[in-house]
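# Structural description and commentary
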Amino acid sequence: MKFSQLGRSGLKVSKLCLGTMNFGVDTDEKESFRIMDAALDAGINFFDTANIYGWGKNAGRTEEIIGRWFAQGGNRRERVVLATKFYGDMSDENDGPNQEAGLSAYKLRRHLEGSLRRLQTDHIELYQMHHVDRNVSWDELWEAFNVALHQGKIGYVGSSNFAGRDLVKAQYEARNHRMLGLVSEQHKYSLLCRLPELEVLPAAEELGIGVIAWSPLDGGLLSGHALKPIEGSKRANNPERTERYREQLVAFEALCRELGESEANVALAWTLVQLSMTAPIIGPRTLGQLEGALRVVDIQLDEATLKRLDEIFPGPGGSAPKAYAW
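The sections below set out a description of the structure shown in this document. (Residues numbered from 1 in each chain as written. Predicted model: local features only at pLDDT ≥ 70, side-chain atom pairs only at ≥ 80, totals over all residues. Heavy atoms only, no water.)

## As for the sheet that holds strand β9 (residues 210–214)
Stated formally: Between any two strands, at least two bridges found by DSSP are needed for them to pair. Helix and strand assignments follow DSSP, with helices taken as H or I runs no shorter than four residues and strands as E runs no shorter than two, numbered in order from the N terminus. An axis is simply a line fitted to the C-alpha atoms; with a helix, the fit covers only the stretch in contact. Between two such axes, the angle follows the N-to-C directions and lies from 0 to 180 degrees.
The strand order β3-β4-β5-β6-β7-β8-β9-β10 describes a closed barrel built from 8 strands, whose pairing is parallel. For this sheet, the mean angle separating the axes of adjacent strands, direction not counted, is 25 degrees. Where strand β4 (residues 46–48) lies against strand β5 (residues 81–86), 3 bridges are found, and the strand directions are parallel. Residue pairing across strands places F46 opposite V81, the latter belonging to β5.

Pasting the structure below:
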């Protein structure tokens, strides 16, 4: 496995991040344990989850599975750089409005305690805001994060689904509070979703924020199975989207065949050469899917291949404003 710095922090994380969104949903606990053990053995030390994973009435289930995996011992917890997120609605009928989706000092404290309990740990290396909430002041948020940092319950702060302007605002206010600020931004980014190249990636690069790409296979569309559906697979089997992108997917399949690599691995390898990229998130549902992704860090895409990928999947034309102005 290869490693990179998480933004401008001193923390080193694997260039593949294990996403756990399927654990407890499409992947049972036994297989989830096997995947996490295999990931750790392969050198993946960066695990990402969120308090709402498990979804709906089962929100928190994924964190609980990870917590029971940690509880087995064997230095599992010590070897993992753990990231989780808060923002979503974790309420039930008795919790009231302060548990609904959004950010606040109240939610940060309550949801952090809940995640620590479910994960069976006393600290989280990277605590991420799952979405921006422009109704809440950064004075409130940075003061609350500062308390959690000084208590040793979190190590670093990250964001997810922030626009470029939100990253700038967050870092400006962090400096006013004499804090390091954000070390990472988790953002949707793939060959089929290149809009972040306009603002988010350049902003992250200038601000020293590491980018973590979520959905780098665009919901399975770039997995190689969209044109050859697998029975029972929900994600890659989306006929409407497949037809919309069929011409591009056919060209992509042909290119990958020339390279002798799977479509999924080429799509993941492409993210790793992009501006400010720390790691793409891989979300295996099976041990086999994890094992197939491990060679991504060793794939070298030359300039000619990158140019062909740009031709198949055109980006916005560069960063703003040059992408749309003289």
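## Thoughts on the nonpolar core
The test is simple: Residues belong to a common nonpolar core when they are buried Ala, Val, Leu, Ile, Met, Phe, Trp, Tyr or Cys residues joined through side-chain atoms within 4.5 Å. Think of it in three bands: with a 1.4 Å probe and only protein chains considered, a residue is buried below 20% of the maximum accessible area for its type, exposed above 50%, and partly exposed in between. We call two residues contacting when some pair of their heavy atoms lies within 4.5 Å.
Formed by 78 residues in total, the largest nonpolar core has its most connected members in M129 and F145. Sequence-distant contacts of F145, that is, excluding residues within four places in its chain, are made with F86, L108, Y127, M129, I154, V157 and M179. With 12 residues, the next largest nonpolar core counts L6, L11, V183 and A279 among its residues.

## Structural notes on the environment of F145
Mapped onto the fold, F145 is located in helix α4 (residues 138–150). In this structure, the C-alpha to C-alpha distance between F145 and E258, residues 113 residues apart in sequence, is 49 Å.

## Looking at the pairing of β9
Most of β9 is tucked away, with 4 of its 5 residues classed as buried. As judged from the 5 bridges shared by strand β8 (residues 182–188) and β9, these two strands associate in the parallel manner. In the sheet register, H187 faces β9, and the bridge partner there is A213.

## Notes on helix α8 (residues 246–259)
Threshold: The span expected for a helix works out to 1.5 Å for each residue beyond the first. The arc in question is traced by the directions running from the helix axis to the C-beta atoms.
End to end, α8 covers 20 Å across 14 residues, agreeing with the expected 20 Å (1.5 Å per residue, within 8%). The complete set of buried residues in α8 reads L249, F252, E253, L255 and C256. Buried residues of α8 fall within an arc of 165 degrees about the axis and therefore sit on the same side. Of the exposed residues in α8, those oriented more than 90 degrees away from the buried face are E247, R257 and E258. If you follow the buried residues of α8, they end up packed against α7 (239–244), α9 (263–272) and α11 (303–312). Once α8 ends, the next one or two residues include G260, with phi positive near 75 degrees.

## With respect to the side chain of Q186
Under the convention used in this document: In protein, a polar contact means a hydrogen-donor-capable atom and an acceptor-capable atom, both N or O and within 3.5 Å, with residues adjacent in sequence counting only if both atoms are side-chain atoms; elsewhere, any N or O pair within 3.5 Å suffices.
Locating Q186 in the fold gives a position in strand β8. One polar contact links Q186 to D48, side chain to side chain, over a distance of 3.2 Å. Not counting residues within four places of it along the chain, the set of residues in contact with Q186 comprises D48, K85, Q128, S159, S160, N161, I212, W214 and I281.

## Overview of the packing of aromatic side chains
Stated formally: Pairing of aromatic rings covers Phe, Tyr and the six-membered ring of Trp, with a centre-to-centre limit of 6.5 Å; geometry is then stacked below 30 degrees between planes, edge-to-face above 60, and tilted otherwise.
Under the criterion given, the structure shown has 10 aromatic pairs. With centroids separated by 6.3 Å and ring planes inclined at 65 degrees, the aromatic side chains of F86 and F145 adopt a geometry described as edge-to-face. Of this pair, F86 sits in strand β5 while F145 sits in helix α4, and the two are 59 residues apart along the sequence. Just as F86 is buried, F145 falls in that class too. With centroids separated by 5.3 Å and ring planes inclined at 80 degrees, the aromatic side chains of F252 and F313 adopt a geometry described as edge-to-face. With F252 in helix α8 and F313 in the segment after α11, the pair connects residues that are 61 residues apart, well separated along the chain. In this structure, F252 and F313 share a single accessibility class: buried. Members of the aromatic cluster, connected to one another through ring pairs, are F86, Y127, W138, W142, F145 and F162.

## Some words on unusual backbone geometry
Of the consecutive residues A320 and P321, the connecting peptide bond is found in the cis state with omega at -5 degrees. As for its placement among the helices and strands, P321 is situated in the segment after α11. The backbone phi angle of W55 is positive, close to 65 degrees, even though this residue is not glycine. Among the secondary structure elements, W55 is positioned in the loop between β4 and α2 (61–70). In this structure W55 comes out as partly exposed when scored by relative accessible area, which is 37%.

## Some details on the pattern of salt bridges
The following threshold applies: Put simply, a salt bridge is a Lys or Arg side-chain nitrogen that is within 4 Å of an Asp or Glu carboxyl oxygen.
Taken as a whole and judged by the stated rule, the model has 18 salt bridges. Among the salt bridges present, the one from R34 reaches E31, with a minimum N-O distance of 2.7 Å. Here the residue R34 and the residue E31 both occupy positions in helix α1 (residues 29–41), the gap between them amounting to 3 residues, near one helical turn. Given the relative accessible area of 43%, R34 is considered partly exposed. A salt bridge links E261 to R295, with the shortest nitrogen-to-oxygen separation between them at 2.5 Å. Here E261 is found in the loop between α8 and α9, whereas its partner R295 is found in the loop between α10 (287–293) and α11, with 34 residues between them in sequence. Its relative accessible area of 18% is what places E261 among the buried residues. Linked through salt bridges whose partners overlap, the residues forming this network are R194, E197 and D310.

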